[in-house]
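Coordinate analysis (summary)
What follows is each chain in one-letter form.
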Amino acid sequence: MYPSEHFIVAFLPALGYVLLRDGRLPSLQFVGVIFAGSQFPDLIDKPLAHQFGVLPSGRVFMHSLPIALPFLLVLGWYGWTTDRHRVGAAFAFAHLSHLLADNYRAFLGPRPTVPPDLLWPFTQHVSRPAVPAWGGTGGINVSLWTLFSVVVVATLCYLLVVDLRERSRLSR
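Everything numeric here is computed off the predicted structure, so don't read it as measured data.

This brings us to the packing of helix 3 (residues 65-81) against helix 4 (residues 85-108). Contact geometry of helix 3 with helix 4 gives a least axis separation of 7 Å together with a crossing angle of 165°. Between helix 3 and helix 4, the crossing angle belongs to the class labelled roughly antiparallel. By crossing handedness, the relation of helix 3 to helix 4 is classed as right-handed. Residue-level contacts link Leu-65, Ala-68, Leu-69, Phe-71, Leu-72, Leu-75, Gly-79 and Trp-80 of helix 3 to His-85, Gly-88, Phe-91, Ala-92, His-95, Leu-96 and Leu-99 of helix 4. Broken down by class, the residue content of the contact of helix 3 with helix 4 amounts to eleven nonpolar, four polar and no charged.

This part is about the confidence of the model for the protein. Taken residue by residue, the protein gives an average pLDDT of 91. The fraction at 70 or more is 97%. Mean pLDDT values for the elements of the protein range from 89 in helix 5 (residues 140-171) up to 96 in helix 1 (residues 3-22).

One way to put it is that helix 2 (residues 28-51) packs onto helix 4 with a least axis distance of 7 Å and a crossing angle of 35°. Here helix 2 and helix 4 pass one another in a crossing that is right-handed. Here Gln-29, Phe-30, Val-33, Ile-34, Ala-36, Gly-37, Ser-38, Phe-40, Pro-41 and Asp-42 of helix 2 lie close against helix 4, whose contacting residues are Arg-86, Val-87, Ala-90, Phe-91, Ala-94, His-95, His-98 and Leu-99. When grouped by side-chain class, the residues that make up the contact of helix 2 with helix 4 number eleven nonpolar, five polar and two charged.

A few words now on the environment of Asp-83. Its place among the elements puts Asp-83 in the loop between helix 3 and helix 4. Sequence spacing of Asp-83 and Leu-156 is 73 residues, and the spatial spacing of their C-alpha atoms is 18 Å.

Right, let's get into the side chain of His-98. One can find His-98 in helix 4. Among the polar contacts made by the side chain of His-98, one reaches the side chain of Asp-42 at a distance of 3.4 Å. Setting aside its immediate chain neighbours within four residues, His-98 contacts His-6, Ser-38, Pro-41, Asp-42 and His-63.

Here the structure, examined in full by the defined rule, presents eight salt bridges. In this structure, the salt-bridge partner of Asp-22 is Arg-24, at a minimum N-O distance of 3.9 Å. The exposure class of Arg-24 is partly exposed, given its relative accessible area of 45%. The partner of Arg-84 in a salt bridge is Asp-163, with the nearest N and O atoms 2.6 Å apart.

Our focus in this paragraph is the packing of aromatic side chains. In this structure the tally under the stated criterion is six aromatic pairs. Three or more aromatic residues joined by ring pairs make a cluster, and in this case those are Phe-7, Phe-11 and Phe-35. In this arrangement the basic side chain of Arg-86 is found over the ring face of Phe-30, its NZ or CZ atom lying 5.9 Å from the centre.

Calculation criteria
- Residues numbered from 1 in each chain as written.
- Predicted model: local features only at pLDDT ≥ 70, side-chain atom pairs only at ≥ 80, totals over all residues.
- Heavy atoms only, no water.
- Axes fitted to C-alpha atoms, helices over the stretch in contact; angles between N-to-C directions.
- Helix = DSSP H or I, 4+ residues; strand = E, 2+ residues; numbered from the N terminus.
- Parallel < 35°, antiparallel > 145°, perpendicular 65-115°, else oblique.
- Left-handed = near helix turned anticlockwise from the far one by under 90°.
- Contact = heavy atoms within 4.5 Å.
- Nonpolar A, V, L, I, M, F, W, Y, C, P; charged D, E, K, R; others polar.
- pLDDT = per-residue confidence, 0-100.
- Polar contact = N/O pair within 3.5 Å; in protein donor to acceptor, adjacent residues only side chain to side chain.
- Salt bridge = Lys/Arg side-chain N within 4 Å of Asp/Glu carboxyl O.
- Buried < 20%, exposed > 50% of the residue type's maximum accessible area, 1.4 Å probe, protein only.
- Phe/Tyr/Trp six-rings, centres within 6.5 Å; stacked < 30°, edge-to-face > 60°.
- Lys NZ or Arg CZ within 6 Å of the ring centre and 35° of its normal.

Structure (structure tokens):
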């Protein structure tokens, strides 16, 4: 799926939830969290697999439930302890919607199965070409995605550090 499609798959149910529950449009912060969560598996896995060759595929690690679920539990705990339940839940929902969207054919096919990538490293990953179809001539799109990933993940890390500092300052 394209990044915009992952965002739409995560955003529309979240938008419906906020409209029904609150009777208003979601905040920009909420939309930003949905965007980040819906892209997060690809922001991590695609550069590590296609740019740096650290992962065997662009659909393992943060695309894998044994890795993603503990990460999302820690994120949920952080949201709970900082009284940001909806933010933590929104990120987790968007992340999980990404995994569902990447694998919907296996789940909804005539013989539903759990794709092996979802259980990596406990199962063998699905073989894919070394350079993905979206990689472009000379892998330029891989390089651009890696740059985009670095900017987004660095921004998320910066916001987390700022938040942690603010929280520690307030608790003194």
